[in-house]
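Examining the three-dimensional arrangement
Residues per chain are reported as follows:
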Amino acid sequence: VEACWTQLYDHFLKLGEEIDLIWSTPWNAGKILYFATKYPAFLDGAFLLYYQLAPLGTTPSTCELLYKLSGVMIVVGIAIAEFVLVFRTWAVWGKNSKVMISL
């Protein structure tokens, strides 16, 4: 629960800077990756919280669905974060094709 509150706190703390620096820029691959990394984490946190703190009347099929959905979202989030890391590493190395092949 605390991790979700920390995530929300950080989001609202930095929202003004995000609006100025990210939202006002033209759409590009970096902006899409930023949004694809940041905002699904809120849904993932909500699914995990509901799954872990579900009311007593929750059916096993609902729990299973939330568990699987959360797992898929975690894997997709990790994949996107890895792609961002590769993209940034490639940029730091001057978009060298040899570096991209090795990544």
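Sequence order as written defines the numbering, with residues in each chain counted from 1. Only residues with pLDDT of at least 70 get local features here, since the model is predicted, and only at 80 or more are side-chain atom pairs given and counted; chain-wide, interface and lining totals rely on the full set of residues. Side-chain metrics in this entry use all non-hydrogen atoms of the structure; hydrogen atoms and water are not considered.

1. A short note on unusual backbone geometry
Although it is not a glycine, Lys-95 sits at a positive phi angle of roughly 55°. Helix and strand definitions follow DSSP, with helices as H or I runs of at least four residues and strands as E runs of at least two, each counted in order from the N terminus. Along the chain, the position of Lys-95 falls in the loop between helix H4 (60–92) and helix H5 (97–102). Given a relative accessible area of 55%, Lys-95 falls into the exposed group. The classification of residues rests on relative accessible area computed with a 1.4 Å probe and restricted to protein chains. Under 20% of the type maximum is buried, over 50% is exposed, and intermediate values are partly exposed.

2. Let's talk about the packing of aromatic side chains
We call Phe, Tyr and Trp rings a pair once their centres come within 6.5 Å, taking the six-membered ring for Trp, and we label the pair stacked below 30 degrees between planes, edge-to-face above 60, and tilted otherwise. The final tally for this structure, using the stated rule, is six aromatic pairs. Note on Trp-27 and Phe-35: the rings are 5.7 Å apart at their centroids and 45° apart in plane angle, and the pair reads as tilted. The class of Trp-27 is exposed, set by a relative accessible area of 60%. Given the relative accessible area of 18%, Phe-35 is considered buried. Centre to centre, the rings of Phe-83 and Phe-87 are 6.5 Å apart; their planes meet at 15°, and the pair counts as stacked. Taken together, the residues span about one helical turn, with Phe-83 and Phe-87 both in helix H4 at a distance of four residues. By relative accessible area, which is 30% here, Phe-87 ends up partly exposed.

3. Some details on the packing of helix H3 (residues 40–52) against H4
Orientation of H3 relative to H4, taken along the N-to-C sense of each, is 150°, at an axis distance of 9 Å. As far as their axial angle goes, H4 and H3 are roughly antiparallel. H3 and H4 meet at a crossing whose hand is left-handed. Of the residues in H4, those touching H3 at Pro-40, Leu-43, Asp-44, Phe-47, Leu-48, Tyr-50 and Tyr-51 are Cys-63, Leu-66, Tyr-67, Leu-69, Ser-70, Met-73 and Ile-74. Each residue belonging to the contact of H3 with H4 can be placed in one class, and the counts come to 12 nonpolar, one polar and one charged. Axis angles are defined between N-to-C directions and span 0 to 180 degrees, where every axis is a line fitted to C-alpha atoms and, for a helix, only to the segment in contact. Note that the term roughly parallel is reserved for angles under 35 degrees, roughly antiparallel for angles over 145, roughly perpendicular for angles of 65 to 115, and oblique for everything else. Should the near helix be turned counterclockwise from the far one by less than a right angle, the crossing is left-handed, whereas a clockwise turn marks it as right-handed. Whether two residues are in contact is decided by their heavy atoms, any of which lying within 4.5 Å being enough. Each residue gets one label: Ala, Val, Leu, Ile, Met, Phe, Trp, Tyr, Cys and Pro are nonpolar, Asp, Glu, Lys and Arg are charged, and the others, such as Gly, are polar.

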